[in-house]
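# Structural overview for review
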Amino acid sequence: MTEDVETEARGLLGRTLTGHGVAVRITEVEAYGGSADPASHAFTRTPRSEIMYGPAWRLYVYRSYGIHFCANVVTGPTEQGAAVLVRAGEVVEGVDLARARRGPVPDHRLASGPGNLAQALGITLDDLGTELLAEDGEGVRLGPAVADPGEIVAGPRVGVSKAADVAWRFWLAGEPSVSAYRRSPRAPAIRLVD
DNA sequence: ACCGCGATGGTCT
DNA sequence: GACCATCGCGGTA
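Quick caveat: nothing in here was measured; it's all calculated off a predicted structure.

Close to DNA strand B lie Thr46, Pro47, Arg48, Tyr65, Gly66 and Ile67. The sugar-phosphate backbone supplies 52% of the atoms of DNA strand B found within 4 Å of the protein.

Time to look at the pairing of strand β1 (residues 16–19). Where β1 meets strand β2 (residues 22–32), four bridges bridge the pair, whose relative direction is antiparallel. Counted as the bridge partner of Thr16 is Arg25 from β2. One ladder, built from three bridges, connects β1 with strand β6 (residues 140–142); its direction is antiparallel. Within β6, the position partnered with Leu17 by the bridge is Leu142.

Inspection of the secondary structure assignment puts Ser40 in the loop between β2 and β3 (59–64). Since its relative accessible area comes to 6%, Ser40 is described here as buried. Among residues more than four places away in sequence, those in contact with Ser40 are Tyr32, Gly33, Gly34, Met52 and Gly81.

Rules used in this analysis
Residues numbered from 1 in each chain as written. Chains lettered and ligands numbered in written order. Predicted model: local features only at pLDDT ≥ 70, side-chain atom pairs only at ≥ 80, totals over all residues. Heavy atoms only, no water. Near = heavy atom within 4 Å. Pairing = 2+ DSSP bridges. Helix = DSSP H or I, 4+ residues; strand = E, 2+ residues; numbered from the N terminus. Buried < 20%, exposed > 50% of the residue type's maximum accessible area, 1.4 Å probe, protein only. Contact = heavy atoms within 4.5 Å.

Now the structure itself:
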């Protein structure tokens, strides 16, 4: 393994993700370790997860609970299946368009949570496989890395029942767009005191 | 504040 | 037929 997926996930914080006329500054992500990670869609290699085994910096989109779309950055290396789920961001461009897509919510909630973020950016299955570093055109793209994104906090991933103990959720401290933590209904209870 | 639950559909066993 | 990498609402406190 070269650069691991945790490092890739932290490196996405603060970068700009643009989708169909709306740009967000990424404030919250989760790392998924591919074939080595029981919580990853790529833990079993299937038609849906095939794109995750391909080259880095392409977009993996899936439909969640039949209702929402969620956007992931495939991080490579190939054959590993690693990807980073983009969970939240601050809208920095195209606020009016984001409001139109999301309806009446406070601005800091426009792209709060993976389903909401994809909706604000207009991301659907049509965007599956987009080359995120391409210079040209509309669609979805990723901005350059940020030298100092701010203080990074880590915690367990939201809503996963497998590998619920690893702290592979990363967010920027103090950002109002960071979504509330909810563990999976099926995840084991967390012991708070001895 | 926390907790429960319904909507809704693809993916996988 | 079960299981979700969700969201927002409506209940109870």
